[in-house]
Amino acid sequence: MQIADEITTWSPDVLVVALGAPKAEFWIHKFKNQLNVRIAIGVGGSLDIIAGTVKRAPVKEEVKCELALSINKSTF
């Protein structure tokens, strides 16, 4: 793949992949051996929010998600 080849040429230490979840994670996994980067992270839609092209979820919704995560973690 051309993009993976270019990234390999640049040889970065950190690679941020913003394809959205889970596409970014699958892409990283597919090319991880070719990329030769120290850290590769999928950031989902975070860059869209930072750029202002997508609005964040209302605070009420964020709290519900955080609560669901904390309940899920505490059950294990």
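The paragraphs below set out a description of the structure included in this document. (Residues numbered from 1 in each chain as written. Predicted model: local features only at pLDDT ≥ 70, side-chain atom pairs only at ≥ 80, totals over all residues. Heavy atoms only, no water.)

1. Topic: the overall build of the chain
Alright, step 1. What the chain contains, in helices and strands, is 4 helices and 2 strands.
Alright, step 2. Secondary structure elements of the chain, listed N to C terminal, follow the sequence α-β-α-β-α-α.
Alright, step 3. For the chain, the proportion of its 76 residues judged to be buried stands at 17%.
Alright, step 4. Looking at the chain alone, contacts between residues at least 24 apart form 62% of all its contacts between residues at least 6 apart. (Helix = DSSP H or I, 4+ residues; strand = E, 2+ residues; numbered from the N terminus. Buried < 20%, exposed > 50% of the residue type's maximum accessible area, 1.4 Å probe, protein only. Contact = heavy atoms within 4.5 Å.)

2. Regarding the environment of G44
Alright, step 1. Mapped onto the fold, G44 is located in the loop between β2 (39-42) and α3 (46-51).
Alright, step 2. Counting along the chain gives 27 residues from G44 to V17, while the straight-line C-alpha distance between them is 7.9 Å.
Alright, step 3. Residues within four places of G44 in sequence aside, it is in contact with V17, A18, G20 and A21.

3. What about the environment of A18?
Alright, step 1. Its location among the elements puts A18 in the loop between β1 (14-17) and α2 (23-35).
Alright, step 2. C-alpha separation for the pair A18 and G42, spaced 24 residues apart in sequence, amounts to 5.9 Å.

4. Looking at unusual backbone geometry
Alright, step 1. A cis amide bond links A21 to the next residue, P22, at an omega of 0°.
Alright, step 2. Of note, the phi angle at S11 is positive, near 55°, even though the residue is not glycine.
Alright, step 3. By secondary structure assignment, the location of S11 is in the loop between α1 (2-10) and β1.
Alright, step 4. A positive phi is found at N36, a non-glycine position, where the angle reads about 55°.
Alright, step 5. Position of N36 relative to the elements: it lies in the loop between α2 and β2.

5. Comments concerning the nonpolar core
Alright, step 1. Counting 10 residues, the largest nonpolar core is built from A4, I7, L15, V17, A24, W27, I28, F31, L35 and V37.
Alright, step 2. When residues of this core are traced back to their parent elements, those giving at least two are α1, β1 and α2.
Alright, step 3. The greatest single-element share of this core, amounting to 5 residues, is contributed by α2.
Alright, step 4. In contact with V17, other than residues within four places in its own chain, are A24, W27, I28, I41, G42, V43 and G44. (Core = buried A, V, L, I, M, F, W, Y, C linked by side-chain atoms within 4.5 Å.)

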